[in-house]
Amino acid sequence: MTAPLVLGIESSCDETGVGLVRGHDLLADAIASSVDEHARFGGVVPEVASRAHLEAMVPAVRRALDVAGVGLGQVDAIAVTAGPGLAGALLVGVCAAKAYALALGKPLYGVNHLAAHIAVDQLEHGPLPAPAIALLVSGGHSSLLLVRRLTGDITPLGATIDDAAGEAYDKVARLLGLPFPGGPPIDAAARTGDAGSVKFPRSKYRDGTADFSFSGLKTAVARWVEAREAAGLAVPVADVAASFQEAVADVLTRKAVDACLAQGVDHLVISGGVAANSRLRALAAQRCEAAGIRLRVPRPGLCTDNGAMVAALGSDLVAAGAEPSGADFAADSGLPVTQVLAA
Ligand code: KG4
Ligand code: ZN
């Protein structure tokens, strides 16, 4: 028997994503980004993002169906990001998903964006072994999670107490005169820089816990750049980018490996936009191998926001026999990671 065809809709931030998944097979992943419209503001402007989702949604659904070579009538279930994210942006995806579900008479699942970031790895590497530790690093979150069951048993072990990892990238990029979002340009600049040239502090917030802090590191970069400029010296962007990136990757991978060892779990999955980072991926691979931990990281295109991740989690929920969310659930900008399915 073939697995149900699940349509996934993502609109929590600036990416309008529509994915089609059958089981763990990825059939289509259509994305429209409004990132260029936000770049000059140095951050995502919620109203602009919402309007862009509204314009991009139906064309993105059509594109995904075309790529997969299926008709809307063949879709068996619909999943949509219910939260967390920007309220107005979420609302566009949730309303669209409700309209499709109602028109097609198909079950609707309002799902958690963070759990979806983890679920997407299965499209590339197959079912996630349980238990696993997940390091979720995005523009809004840096979390270590114990995942016993992706469809309903996720325990937070630690989180950032201030800036998220991606937020730190975005703010440091701004300090260095690099464009928004800051992750990709810092990653690129760092390739030609010396990661050992500036010794930025390792933000070992409360050593021994799984919590993170990145605002001190961001401030250290700001002070370093200011001191350099005050002295009339040019800022070596590539060296600063590489040194900053090393500090972030060092702390993230160390805490993730420590969490695996403390919990006695030998599978680590890293996901979210920052998981696209080349140095984080390389250092994680190196440290996991040394610690005997099996590492799973989705390809970069699946780490950043997309619709396939929502469809992947929806597919798991359908397979697990989860009760659909119904038509009454609301978008929830603060949906906690412990709540995989919106009620
Ligand atoms: O998961 P995501 O697409 O959206 C959220 O849910 O927040 O993550 C976006 C974040 C941004 O802060 C962006 O700068 C960062 O991921 N990012 C990266 C890279 N690509 C995207 N950070 C470091 N290195 C990258 N290559
Ligand atoms: Zn995300």
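Throughout, a residue's number is its position along its own chain's written sequence, starting from 1. Ligands are numbered from 1 and chains lettered from A, in the order in which they are written. With the structure being a predicted model, the display of local features is reserved for residues of pLDDT at least 70 and the display and counting of side-chain atom pairs for 80 or more, all residues being used for whole-chain, interface and lining totals. Each side-chain value is derived from all of the structure's non-hydrogen atoms; neither hydrogens nor water enter the calculation.

*Asks:* Even after reading the chapter, I still don't get the domain arrangement of the protein, so can you show me in this structure?
*Replies:* How big an interface is tends to be stated in terms of the accessible area lost upon association of its parts. According to the domain assignment, the protein contains domain 1 (5-120 + 306-319) and domain 2 (130-300). Computed from C-alpha atoms alone, the centre-to-centre distance between domain 1 and domain 2 is 27 Å. Counting from both sides, the interface comprises 18 residues of domain 1 and, opposite them, 17 residues of domain 2. Summed over both partners, the accessible area (1.4 Å probe) lost when two parts come together is defined as the buried area. Between domain 1 and domain 2 lies a buried interface of about 1,300 Å² when both sides are counted; carbon and sulfur atoms form 78% of it. Considering only the side of domain 1, the residues that lose the most area to domain 2 are L114, H117 and I118, jointly responsible for 42% of the buried surface there. N or O atoms within 3.5 Å of each other form a polar contact, as long as, within protein, one can give a hydrogen and the other can take it, and as long as residues adjacent in sequence are counted only when both atoms are side-chain atoms. Summed over the shared surface of domain 1 and domain 2, the number is one residue pair in polar contact (both at pLDDT 80 or more). When contributions to the side of domain 1 that touches domain 2 are tallied by element, the ones reaching two or more residues are α1 (35-38), α4 (113-119) and α12 (308-319). Here a helix means four or more residues in a row that DSSP labels H or I, a strand means two or more in a row labelled E, and each is numbered from the N terminus. Among the elements that make up the side of domain 1 that touches domain 2, the one with the highest residue count is α4 (five residues). In this count, Pro and Cys sit with the nonpolar residues alongside Ala, Val, Leu, Ile, Met, Phe, Trp and Tyr, while Asp, Glu, Lys and Arg are called charged and the others, Gly among them, polar. Class assignment for the residues of the side of domain 1 that touches domain 2 results in 13 nonpolar, four polar and one charged. An automatic or database domain assignment supplies the residue ranges for each domain. Two residues form a contact once any of their heavy atoms are found within 4.5 Å.

*Asks:* Please explain the pairing of strand β1 (residues 5-10) as it appears in this structure.
*Replies:* On a regular strand, one side chain projects to one face of the sheet and the next to the other, so that they alternate. Classification of residues uses two cut-offs on accessible area relative to the type maximum, computed with a 1.4 Å probe and protein chains only: under 20% is buried, over 50% is exposed, and between them is partly exposed. In terms of burial, β1 is a largely internal element, six of the six residues being buried. Burial along β1 is two-sided: the face carrying L5, L7 and I9 and the face carrying V6, G8 and E10 are both buried. Pairing of β1 with strand β2 (residues 15-22), which is carried by six bridges, proceeds in the antiparallel orientation. What sits directly across from I9, in β2, is V18. Pairing between strands requires that DSSP locate at least two bridges from one strand to the other.

*Asks:* Help me understand the site of ligand 1 in this model?
*Replies:* In this text, near means that some heavy atom of the residue lies within 4 Å of the molecule or strand in question. As a matter of local geometry, ligand 1 sits amid 20 residues, with G139, D170, G183, D187 and G273 nearest to it. Within the side chain of D187, an N or O atom sits 3.0 Å from a nitrogen atom of ligand 1. Alone, ligand 1 offers 550 Å² of accessible surface; in the complex the protein occludes 89% of this. Here the residues of the shell around ligand 1 are counted per class, giving five nonpolar, twelve polar and three charged. Computed by Shrake-Rupley with a 1.4 Å probe, the accessible areas treat only the displayed protein chains as cover when residues are assessed.

*Asks:* Looking at this structure, how should I read the coordination of the zinc ion (ligand 2)?
*Replies:* The reference angle at a metal is 109.5 degrees if four donors form a tetrahedron and 90 or 180 degrees if six donors form an octahedron. Only N, O and S atoms count as donors, using a 2.8 Å limit from the metal and a wider 3.2 Å limit for Na, K and Ca, and since water is excluded some coordination spheres may look unfilled. Taken together, the protein ligands of the zinc ion (ligand 2) are H113 (NE2), H117 (NE2) and D305 (OD), with distances of 2.0 to 2.1 Å. Linear spacing of the donor residues for the zinc ion (ligand 2) on their chain is H-x3-H-x187-D. With a gap of 192 residues between them, H113 in helix α4 and D305 in the loop between α11 (300-303) and α12 connect regions that are remote in the sequence. Judged by its relative accessible area of 13%, D305 falls in the buried class.

*Asks:* Even after reading the chapter, I still don't get the nonpolar core, so can you show me in this structure?
*Replies:* Note that soluble globular proteins tend to have their nonpolar side chains buried in a common cluster. The criterion is simple. A nonpolar core is a set of buried Ala, Val, Leu, Ile, Met, Phe, Trp, Tyr and Cys residues joined through side-chain atoms within 4.5 Å. Ranked by internal contacts, the top residues of the largest apolar core, which has 48 residues, are L135, F200, F244, L252, L268 and I270. The set of elements that each furnish at least two residues to this core consists of β6 (132-137), β7 (142-149), α6 (165-175), α7 (183-190), α8 (215-230), α9 (237-263), β9 (267-271) and α10 (278-291). The biggest single contributor to this core is α9, with 13 residues. Ranked by size, the runner-up nonpolar core spans 33 residues in total, among them A134, L145, M309 and A322.

*Asks:* Explanation requested: the state of the cysteines in the structure shown.
*Replies:* The bond known as a disulfide is covalent and runs between the sulfur atoms of two cysteines. Put simply, a disulfide is two cysteine sulfurs that come within 2.5 Å. This structure, assessed with the given rule, holds zero disulfides. With no disulfide of its own, C13 has C303 as its nearest cysteine by sulfur position, at a separation of 16 Å.

*Asks:* I keep staring at the sheet that holds strand β3 (residues 25-33) and nothing clicks. Help me out?
*Replies:* Whether parallel or antiparallel, the strands of a sheet pair through hydrogen bonds between backbone atoms. In spatial order, the strands read β3-β2-β1-β4-β5; together these five strands make up an open sheet with mixed pairing. In the strand order of this sheet, the two ends are held by β3 and β5 (108-112), each with one partner. When the angles between neighbouring strand axes are averaged without regard to direction, this sheet yields 20°. Every axis corresponds to a line fitted to the C-alpha atoms, with the helix fit spanning only the stretch in contact, and the corresponding angles, defined between N-to-C directions, vary from 0 to 180 degrees. The sheet contacts of helix α2 (residues 46-68) involve β1, β2 and β3, and relative to β2 the element is tilted by about 25°. Set on the sheet, α12 makes contact with β1, β2, β3, β4 (77-83) and β5; between it and β1 the angle comes to about 135°.

*Asks:* Any chance you could explain the packing of α9 against α10 here in plain terms?
*Replies:* Each pair of packed helices can be described by the angle between their axes along with the distance between the axes. Closest axis-to-axis distance for the α9/α10 pair is 9 Å, and the angle between their directions is 35°. The crossing of α9 and α10 is right-handed. Here Q245, E246, A249, D250, L252, T253, R254, V257 and L261 of α9 come into contact with α10, specifically with R279, L280, L283, A284, R287, C288 and A291. Residues of the contact of α9 with α10, tallied by class, amount to nine nonpolar, two polar and five charged. In this scheme the crossing of two helices becomes right-handed for a clockwise turn of the near helix relative to the far one and left-handed for an anticlockwise turn of less than a right angle.

*Asks:* Help me out: how do you make sense of the packing of α6 against α9 in this one?
*Replies:* Contact pair α6 / α9: the axes reach a minimum separation of 11 Å and the direction vectors enclose 175°. Viewed along their axes, α6 and α9 adopt a mutual orientation that is roughly antiparallel. Residues A165, A168, Y169 and V172 of α6 form the contact with α9, whose participating residues are F244, Q245, V248 and L252. Looking at side-chain class alone, the contact of α6 with α9 contains seven nonpolar, one polar and no charged residues. We call two directions roughly parallel when the angle between them is under 35 degrees, roughly antiparallel when it is over 145, roughly perpendicular when it lies between 65 and 115, and oblique otherwise.

*Asks:* So what exactly am I meant to see when it comes to the sheet that holds strand β10 (residues 294-296) here?
*Replies:* Strands sit in the order β8-β7-β6-β9-β10 across an open sheet of five strands; the sheet is mixed. Only two strands of the sheet have a single neighbouring strand rather than two, namely β8 (153-159) and β10. For this sheet the average axis-to-axis angle between neighbouring strands, irrespective of direction, equals 25°. Sheet topology note: the β6/β9 ladder contains four bridges and is parallel. Across the sheet, residue A134 finds its bridge partner in β9, namely V269. Lying over the sheet, α10 contacts β6, β9 and β10, oriented at roughly 160° with respect to β10.

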